[in-house]
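Residue-level structural notes
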Amino acid sequence: MAFQPRSIAQYSEAAVTVDLDKCIAHKGCTVCIDVCPMDILDIDPATGKAYMKRDECWYCLPCQKDCPTGAIQVAIPYLLR
Amino acid sequence: MPNDIKVIESEYDVVVVGGGTAGPMAAIKARERNPGVRVLLIDKAHVKRSGAISMGMDGLNNAVVPGYATPEQYTKEITIANDGIVNQATVYAYAKHSFATIEQLDRWGVKFEKDANGDYAMRKVHHMGTYVLPMPEGHDVKKVLYRQLKRARVEITNRIVATRLLTAADGSVNGVMGFDSRTAEFHVIRAKAVVLACGAAGRLGLPASGYLMGTYENPTNAGDGYAMAYHAGAELANLECYQINPLIKDYNGPACAYVTGPLGGYTANNRGERFIECDYWSGQMMLEFYQELQSGNGPVFLKLDHLAEETIQTIETILHGNERPSRGQFHAGRGTDYRHRMVEMHISEIGFCSGHSASGVYVNERAETTVPGLYSAGDMAAVPHNYMLGAFVYGWFAGVNAAERAAAIDFAPIDAEQVEREKARIFAPLLREHGLPPLQVEYKLRRFVNDYLQPPKVTRKYEIALERFAEIREDLQQLKAADAHELMRCAEVAAILDCAEMAARASLFRTESRWGLYHLRVDHPERNDAEWFCHAHLKKGADGRMSHLKRPVEPYIVPIAEQEKDAYDRLRLNPTTAARAVATA
Ligand SMILES: Cc1cc2nc3c(=O)[nH]c(=O)nc-3n(C[C@H](O)[C@H](O)[C@H](O)COP(=O)(O)OP(=O)(O)OC[C@H]3O[C@@H](n4cnc5c(N)ncnc54)[C@H](O)[C@@H]3O)c2cc1C
Ligand code: SF4
Ligand code: SF4
């Protein structure tokens, strides 16, 4: 057998977190996902709520500012904290 | 070739690429100029919150307001700040249209600071004249623009990453190609005129934090616009005049001396002493900053701890509310209270940006590039120190002139081969079973940019950089994307590589030092006006490689007296004036 190429994933602590009780994504809200310039937010299939999918945040805050229920919160990403 | 890639073809008179600052203005003004013209605005992000001003802005850095400054004075100031290498016609055209643009934005609902008489409350920050107009309630700029886009019935498509322009047989631009960063659909858009407004090349250097997206610029602005213009045959001007900014260390956002300066704040060394007379960003200012860092007097700080409580509260309201509103949280996390502690600053990663310095795609005073049918505006268009208002003004020019061209000509046929070639290039990473992750390739590339290209510029280091960049160009053939989003990061890394190579080659071409730290060449430390008082242009040569040419500086419209020429070289305070400046602050 030849050597097999593989990819491995690194993990990060998500700087952007969502309050699952407040998030109304299940009612069709996608505001934060729409406004994020980096396009790093998505709906988590497991919960039906918004979540930070990728560690590519500019800590710019449109998601937090525009969320109608105050359900999403941006912390300064760890490397800059 | 990926046959299952869905191709979406469309046709518009004018296509504007980039819906940040300049782009929306261009789209609106194109429709106003000629309501019969169909205009499409595309953006990689969502136009509602895209670009440098996504969360608003603290102020206009370069407003030319009657009673405070004339277009002639402004043109003179920018000519001097940019060491004489400017096409004054472009700066002058900006300055003359500056006030009309402010009034337009004001009518649309953008809020500027006014005094008790209802006049604009101008502040002095530049070395010579008064050009700063604060916008303490400037957080709604994007909302205002979006409303006008809807009113003007501009069509908008979000989440499209433009990757290449299409060119007709005569060399003119006749369309745009790109893909949807969510669905991976391929877009081929025919056009009679294209406006590029893709912002700065903000992901060239790597921020000191090591965070890929912790850039000064909005990281959507990866330099795609520069790369597209280059591949379409446009000339790029003075790319060696990098953007390097004095920023808050780690946070990498502006410390905002323009906001705090008029209120008594200033840049200080580790003893809390002022060392530069003027906080307006220029290459010379950055050189003084760099020297202070190197001298043992560093770090450099923004000093506010001497100000009254009331003033500090005003500063906090502005700086923690607009533009980069997570700043307050950053300071809180580190226990930095302006009342007691100075804010540590640092030198940013390098980038291209004409909004802040002078590196951009060449445009004339009609926002035309050297390629017919291609217009450009904003940070990526070479009108020095143009900032936000310059983006609006040149967006306006680009929109009007693109609409006029579109009304006068027919669509040119699309070259199917260009389309196939681009489709193959863009989608290859999606088809690979295994390969290199785009963010890792980007990290390595940008680490080399820091290691080898960050000024002071050393010839040998630049030559090594070119070798490393050539290797990374090979690596691009092994990129792997798992989905459409990663495909966007793959497209971006190719654009960043083009920009990195342009930065290196442009810097090697100009064998002198100029613009303070921006182009400080250790092997050619002197300014050499005899040979280099000229623009240095870069373009794609007939052999497909980067070629260089010198262009004479256009005759001045506003003459500069001999004794004024080096006003920006006298920024460093000597000990006695330093003491006086502190005392009067
Ligand atoms: C943090 C910060 C603070 C600033 N503060 C001030 C200030 O106080 N005063 C001032 O006058 N100026 C300030 N500036 C400068 C000013 O904001 C810019 O000069 C101006 O906004 C640039 O406008 P633009 O249209 O060129 O770029 P942007 O507004 O950044 O727009 C570029 C757009 O292009 C899109 N795009 C990029 N690539 C592609 C692609 N391949 N396909 C499709 N779309 C693409 C992006 O998503 C973005 O929407 C600041 C800039 C920054 C970053
Ligand atoms: S904007 Fe708020 S409510 Fe809507 S999906 Fe995002 S987090 Fe949930
Ligand atoms: S802070 Fe900005 S980049 Fe980060 S998730 Fe929110 S909108 Fe996206």
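Structure's up top.
Everything in this summary refers to the structure shown in the same document.

Criteria and cut-off values
Residues numbered from 1 in each chain as written. Chains lettered and ligands numbered in written order. Predicted model: local features only at pLDDT ≥ 70, side-chain atom pairs only at ≥ 80, totals over all residues. Heavy atoms only, no water. Helix = DSSP H or I, 4+ residues; strand = E, 2+ residues; numbered from the N terminus. Rg over C-alpha atoms; globule rule 2.2 N^0.38 Å. Buried < 20%, exposed > 50% of the residue type's maximum accessible area, 1.4 Å probe, protein only. Contact = heavy atoms within 4.5 Å. Areas by Shrake-Rupley, 256 points an atom, 1.4 Å probe, with all protein chains shown as cover. Lys, Arg positive; Asp, Glu negative; His and termini not counted. Charge placed at Lys NZ, Arg CZ, Asp CG, Glu CD. Salt bridge = Lys/Arg side-chain N within 4 Å of Asp/Glu carboxyl O. Buried area = accessible area lost by both parts, 1.4 Å probe. Polar contact = N/O pair within 3.5 Å; in protein donor to acceptor, adjacent residues only side chain to side chain. Near = heavy atom within 4 Å. Nonpolar A, V, L, I, M, F, W, Y, C, P; charged D, E, K, R; others polar. Pairing = 2+ DSSP bridges. Phe/Tyr/Trp six-rings, centres within 6.5 Å; stacked < 30°, edge-to-face > 60°. Lys NZ or Arg CZ within 6 Å of the ring centre and 35° of its normal.

**A short note on the overall build of chain B**
- Each helix and strand in chain B was counted, giving 16 helices and 17 strands.
- In terms of overall dimensions, chain B is globule-like: its C-alpha atoms have a radius of gyration of 23 Å, near the 25 Å expected for 585 residues.
- The principal-axis extent of the C-alpha atoms belonging to chain B is close to 70 × 55 × 50 Å.
- Out of the 585 residues in chain B, the part that is buried amounts to 64%.
- Sequence-distant contacts in chain B: of pairs separated by 6 or more residues, those separated by 24 or more amount to 75%.
- By element, 49% of the accessible surface of chain B is carried by carbon and sulfur atoms, the whole surface being about 20,400 Å².
- Of the charged side chains in chain B, 66 are positive and 72 negative, and the gap between their average positions amounts to 2 Å.

**Focus on the pattern of salt bridges**
- Under the definition given, this model contains 48 salt bridges over all chains.
- Two residues, A:Asp42 and A:Lys53, come together in a salt bridge whose shortest N-O distance is 3.3 Å. Residue A:Asp42 is located in strand E2 (residues 41–43), and its partner A:Lys53 is located in the loop between strand E3 (50–52) and helix H2 (62–66); the two are separated by 11 residues in the primary sequence.
- Judged by relative accessible area, A:Asp42 falls into the partly exposed class, the value being 28%.
- Given a relative accessible area of 38%, A:Lys53 falls into the partly exposed group.
- With a closest N to O distance of 3.3 Å, B:Arg421 and B:Glu417 form a salt bridge. Placement of both B:Arg421 and B:Glu417 in helix H11 (residues 416–431) is noted, with a separation of 4 residues, approximately one turn of the helix.

**A closer look at the interface of chain A and chain B**
- Counting residues at the interface gives 27 residues for chain A and 36 residues for chain B.
- Taken together, the two surfaces of chain A and chain B that pack against each other cover about 2,800 Å², and 54% of this comes from carbon and sulfur.
- Among the residues chain A hides against chain B, the three largest losses belong to A:Trp58, A:Tyr59 and A:Leu80. Together they make up 25% of the total.
- Linking chain A with chain B are 5 salt bridges, by the criterion used here.
- Among the salt bridges present, the one from A:Asp66 reaches B:Arg49, with a minimum N-O distance of 2.7 Å.
- Joining chain A to chain B, the criterion identifies 21 residue pairs in polar contact (both at pLDDT 80 or more).
- Where the side of chain A that touches chain B is concerned, the elements lending two or more residues are helix H1 (31–35) and H2 of chain A.

**As for the site of ligand 2**
- Around ligand 2, the structure places A:Cys23, A:Ile24, A:Ala25, A:Cys29, A:Val31, A:Cys32, A:Ala50, A:Cys67, A:Pro68, A:Thr69, A:Ala71 and A:Ile72.
- Counted by class, the shell around ligand 2 contains 11 nonpolar, 1 polar and no charged residues.

**Regarding the site of ligand 3**
- Taken together, 14 residues lie near ligand 3, and A:Cys36, A:Cys57, A:Cys60, A:Leu61 and A:Cys63 sit nearest.
- Residue classes in the shell around ligand 3 are distributed as 14 nonpolar, no polar and no charged.

**As for the sheet that holds strand E16 (residues 534–540) of chain B**
All names here are of chain B.
- Strand order in this open sheet of 4 strands is E14-E9-E16-E17, and the pairing throughout is antiparallel. In the strand order of this sheet, the two ends are held by strand E14 (360–361) and strand E17 (546–552), each with one partner.
- With 7 bridges connecting them, E16 and E17 associate as antiparallel partners. Across the sheet, the residue bridging to His-535 is Arg-551, located in E17.

**Brief notes about the packing of aromatic side chains**
All names here are of chain B.
- Evaluation of the coordinates by the stated rule reveals 16 aromatic pairs over all chains.
- Relative to Tyr-131, the ring of Tyr-74 has its centre 5.2 Å away and its plane inclined at 75 degrees; by these criteria the two rings are edge-to-face. Here Tyr-74, found in helix H2 (residues 71–81), pairs with Tyr-131, found in the loop between helix H3 (88–108) and strand E4 (133–134); they are 57 residues apart in sequence, far enough to count as distant. Each member of the pair, Tyr-74 as well as Tyr-131, is classed as buried.
- Taking 6.2 Å as the distance between ring centres and 65 degrees as the angle between the ring planes, the aromatic pair formed by Phe-179 and Phe-427 counts as edge-to-face. Taken as a pair, Phe-179 in strand E7 (residues 173–180) and Phe-427 in helix H11 lie far apart in primary sequence, 248 residues in all.
- You can call Phe-427 buried: its relative accessible area is 0%.
- Clustering of aromatic rings is evident, with ring pairs tying together Tyr-216, Tyr-258, Tyr-280, Trp-281 and Tyr-387.
- Lys-192 extends its terminal NZ or CZ atom over the ring of Phe-411, reaching a point 4.9 Å from the ring centre.
- When the ring centre of Tyr-242 is taken as origin, the NZ or CZ atom of Lys-457, which lies over that ring, is 3.7 Å away.

**Examining the environment of B:Tyr131**
Residue and element names in this part refer to chain B.
- The class of Tyr-131 is buried, set by a relative accessible area of 1%.
- Along the primary structure Tyr-131 and Ala-63 are separated by 68 residues, whereas in three dimensions their C-alpha atoms are 4.9 Å apart.
- When neighbours within four sequence positions are excluded, Tyr-131 is seen to be in contact with Leu-60, Asn-61, Asn-62, Ala-63, Val-64, Ala-69, Gln-73, Tyr-74, Glu-77, Met-122, Arg-123 and His-126.
- Reaching out from Tyr-131, the side chain makes a polar contact with the backbone oxygen of Gln-73 at a distance of 3.5 Å.

Just geometry here; none of it tells us what the structure is for.
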